[in-house]
Amino acid sequence: LEDYVAKGLGRDQVVSDVRAAVSAFEAKLEAKLKKLETPLASGREEEERKELLKQQQQKMTRFASDKAAVEAAEAAGADGETLARAAAEPLSESLDAKHGAAVTDQAVFNAHARKFEADFMEDMQALNIRSPDALTRVTEYVPQII
């Protein structure tokens, strides 16, 4: 998203990109919701489906709020950067689908992994699970694995 904003594209281009991204993101969320609304036969799978359905409904509610903010920013004549930031989640997903394969900077991948690693460690601490004595990351041993 930062690279997209840094390009300084014209407002019309950003509006077009944001509208397409929001529309695609909304379709994806609705398709997943529809799939999750179909009951399953087995007990455990049905319980998982119900939990996932609840989570998906929360995502839909959050997205509706985000979409309203994007529409309000567009109606107010906000600049391209403001629009892009308002539509950060759907626009990021769209940009990743289009340009994700072009990312070669390992720092991007490392930062992404470290974010989730930190969240995991925080969750483990909240559950009163001790931290590991040594933290081994498979990415540090790829040459030896190959």
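Computed from a predicted structure; not experimentally measured.

A.B. asks: Break down the overall build of the protein for me, with residues and values.
C.D. replies: A count of helical and extended segments in the protein gives 7 helices and 0 strands. When its helices and strands are written in sequence order, the protein yields α-α-α-α-α-α-α. Against the globule reference of 15 Å for 146 residues, the protein gives a C-alpha radius of gyration of 20 Å, more extended than a compact globule. Along the first, second and third principal axes, the C-alpha set of the protein runs to 55 × 45 × 30 Å. In the protein, 63% of the contacts between residues at least 6 apart in sequence involve partners at least 24 apart. Here the protein has roughly 10,700 Å² of accessible surface; of this, 55% comes from carbon and sulfur atoms. Of the side-chain charges in the protein, 20 are positive and 27 negative, and the distance between the mean point of each set is 4 Å.

A.B. asks: Summarise the nonpolar core; cite the residues concerned and give the values.
C.D. replies: Counting residues in hydrophobic clusters, the biggest one holds 22 residues, and the most contacted among them are Y4, V14, V18, L83, A84 and L91. Sorting elements by how many residues they give to this core places helix 2 (residues 11-36) first, with 9 residues. Those residues within four positions of V14 in sequence are excluded, and the remaining contacts are Y4, L9, G80, L83 and A84.

A.B. asks: Describe the side chain of E46, listing the residues and the values that go with them.
C.D. replies: Tracing the backbone shows E46 in helix 3 (residues 43-75). A distance of 2.5 Å separates polar atoms of two side chains, one belonging to E46 and the other to R49.

A.B. asks: With reference to specific residues and values, describe the packing of helix 2 against helix 3.
C.D. replies: For the pair helix 2 and helix 3, interaxial distance at closest approach is 10 Å and the crossing angle is 160 degrees. Comparing their axes, helix 3 and helix 2 come out roughly antiparallel. For the pair helix 2 and helix 3, the sense of crossing is left-handed. Taking contact as the criterion, the partners of R11, V15, V18, R19, V22, F25, E26, L29, E30, K32, L33 and L36 in helix 2 are, on helix 3, R49, L52, L53, Q56, Q57, K59, M60, F63, K67, V70, A73 and E74. Along the lines of polarity and charge, the residues of the contact of helix 2 with helix 3 split into 13 nonpolar, 2 polar and 9 charged.

Here is what the cut-offs are and how they apply
- Residues numbered from 1 in each chain as written.
- Predicted model: local features only at pLDDT ≥ 70, side-chain atom pairs only at ≥ 80, totals over all residues.
- Heavy atoms only, no water.
- Helix = DSSP H or I, 4+ residues; strand = E, 2+ residues; numbered from the N terminus.
- Rg over C-alpha atoms; globule rule 2.2 N^0.38 Å.
- Contact = heavy atoms within 4.5 Å.
- Areas by Shrake-Rupley, 256 points an atom, 1.4 Å probe, with all protein chains shown as cover.
- Lys, Arg positive; Asp, Glu negative; His and termini not counted.
- Charge placed at Lys NZ, Arg CZ, Asp CG, Glu CD.
- Core = buried A, V, L, I, M, F, W, Y, C linked by side-chain atoms within 4.5 Å.
- Buried < 20%, exposed > 50% of the residue type's maximum accessible area, 1.4 Å probe, protein only.
- Polar contact = N/O pair within 3.5 Å; in protein donor to acceptor, adjacent residues only side chain to side chain.
- Axes fitted to C-alpha atoms, helices over the stretch in contact; angles between N-to-C directions.
- Parallel < 35°, antiparallel > 145°, perpendicular 65-115°, else oblique.
- Left-handed = near helix turned anticlockwise from the far one by under 90°.
- Nonpolar A, V, L, I, M, F, W, Y, C, P; charged D, E, K, R; others polar.

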